[in-house]
Amino acid sequence: MSGSRDNRAIILFGPPGAGKGTQADRLLRDLGFEYIATGDILREAIAKKTPLGRRASEYMNAGQLVPDEVMIPIVEERLAKEGRGGGFLLDGFPRTVRQAEMLDKAAERNGIRIGRAIYLKTSREVIVQRLSGRRVCPKCGATYHVRNIPPKVQGVCDRCGSELAQREDDQEQAIVRRLVEYEKQTADVINYYRGKGVLAEIDGDLPVDESYPQIARLVAEDHSP
Ligand code: AP5
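Summarised in this report is the structure supplied together with it.

What follows deals with the site of the ligand. Around the ligand, the surrounding shell holds 35 residues, and the nearest of these are Thr22, Gln64, Arg95, Arg134 and Arg178. Interatomic distance of 2.5 Å between a backbone N/O atom of Gln64 and an oxygen atom of the ligand. A distance of 3.3 Å separates a nitrogen atom of the ligand from a polar atom in the side chain of Arg130. Within the complex, the protein chains bury 96% of what would otherwise be the 1000 Å² of accessible surface of the ligand. Elements with a minimum of two residues in the shell around the ligand: helix 1 (20–31), helix 2 (38–47), helix 6 (124–133) and strand 6 (143–145). Broken down by element, the shell around the ligand gets its largest block of residues, 4 residues, from helix 2. Residues that form the shell around the ligand fall into these classes: 15 nonpolar, 12 polar and 8 charged.

So, in structure tokens, the structure goes:
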């Protein structure tokens, strides 16, 4: 247990392309929390060609969720370590009600309070526009958009100068499949957190400069034990 320190978990969730990673990047600059982004963990495993990466890539490239049996132990292990700056920022987890239930149990075991579950409600039209224009840096992980959030020099990462790339799962067919999976499996997570009274809904269609201050305020005001 973590004693009297407020060790909390903030959850960012919403459909693919809602802007979870983009908002997380800003929150981390302000909070310095321990960041657990399951999509990033899996992409790193794929890049390193580990057994996890080999197993996960088939699901990810097809736009399907990686099975709970694979995901749950990964997150449990990360939660058992002390969070930075008072807590954890979860991006892309939980994605199923089973993952949400596991998170509750692991949080209790490790003295972590579930603070806010911030749901970025985003329209389909915006999602497709964002994912098809997304470009990522394979070296440092920075994310851009060809029109919405372009790098200073086209195709080149502002942070590290590497050449930008498109994610495999941002191809049209995989985008459609990810949206179907989201509706089928992740939409129920909204009701799960609504039932627990910790859900906060943000308009994910808004430009980042308008939505981020709302998110930062929610996190700053969430201090109840
Ligand atoms: P993951 O990496 O988590 O992908 P995702 O949920 O599909 O979300 P994205 O990363 O695509 O989008 P995002 O919401 O972070 O948006 P971003 O900020 O980049 O997971 C990938 C895969 O891994 C899954 O499909 C699954 O297979 C597997 N997986 C991961 N976690 C799992 C789990 N727990 N269980 C099972 N399987 C799991 O923004 C998108 C674009 O829009 C960018 O170009 C950005 O610059 C731009 N943008 C963002 N916000 C704005 C804004 N407000 N205005 C204008 N442009 C914006």
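Right, picking up where we left off after that structure.
Within the secondary structure, Glu183 sits in helix 7 (residues 172–195). As for Glu183 and Gly53, which are separated by 130 residues in sequence, their C-alpha atoms are 25 Å apart.

Evaluated as defined, the whole model comprises 3 aromatic pairs. The interplanar angle of 50° and the centroid separation of 6.1 Å between the aromatic rings of Phe13 and Tyr193 together place this pair among those described as tilted. Remark: Tyr193 occurs in helix 7 and Phe13 occurs in strand 1 (residues 8–13); sequence separation between them is 180 residues. Each member of the pair, Phe13 as well as Tyr193, carries the same accessibility label: buried. Between Tyr192 and Tyr193 the ring centres are 5.2 Å apart and the planes differ by 90°, which places this aromatic pair in the edge-to-face class. By the ring-pair criterion, three or more aromatic residues cluster together here, those being Phe13, Tyr119, Tyr192 and Tyr193.

This part covers the packing of helix 6 against helix 7. Close contact between helix 6 and helix 7 brings their axes to 11 Å; oriented N to C, the two are set at 140°. Relative to helix 7, the element helix 6 is oriented oblique. The handedness of the crossing between helix 6 and helix 7 is right-handed. Across the interface between the two elements, Arg124, Ile127, Val128, Leu131 and Ser132 of helix 6 pack against Ile175, Arg178 and Leu179 of helix 7. Its residues assigned to classes, the contact of helix 6 with helix 7 shows 5 nonpolar, 1 polar and 2 charged.

Definitions and limits used
- Residues numbered from 1 in each chain as written.
- Predicted model: local features only at pLDDT ≥ 70, side-chain atom pairs only at ≥ 80, totals over all residues.
- Heavy atoms only, no water.
- Near = heavy atom within 4 Å.
- Polar contact = N/O pair within 3.5 Å; in protein donor to acceptor, adjacent residues only side chain to side chain.
- Areas by Shrake-Rupley, 256 points an atom, 1.4 Å probe, with all protein chains shown as cover.
- Helix = DSSP H or I, 4+ residues; strand = E, 2+ residues; numbered from the N terminus.
- Nonpolar A, V, L, I, M, F, W, Y, C, P; charged D, E, K, R; others polar.
- Phe/Tyr/Trp six-rings, centres within 6.5 Å; stacked < 30°, edge-to-face > 60°.
- Buried < 20%, exposed > 50% of the residue type's maximum accessible area, 1.4 Å probe, protein only.
- Axes fitted to C-alpha atoms, helices over the stretch in contact; angles between N-to-C directions.
- Parallel < 35°, antiparallel > 145°, perpendicular 65-115°, else oblique.
- Left-handed = near helix turned anticlockwise from the far one by under 90°.
- Contact = heavy atoms within 4.5 Å.

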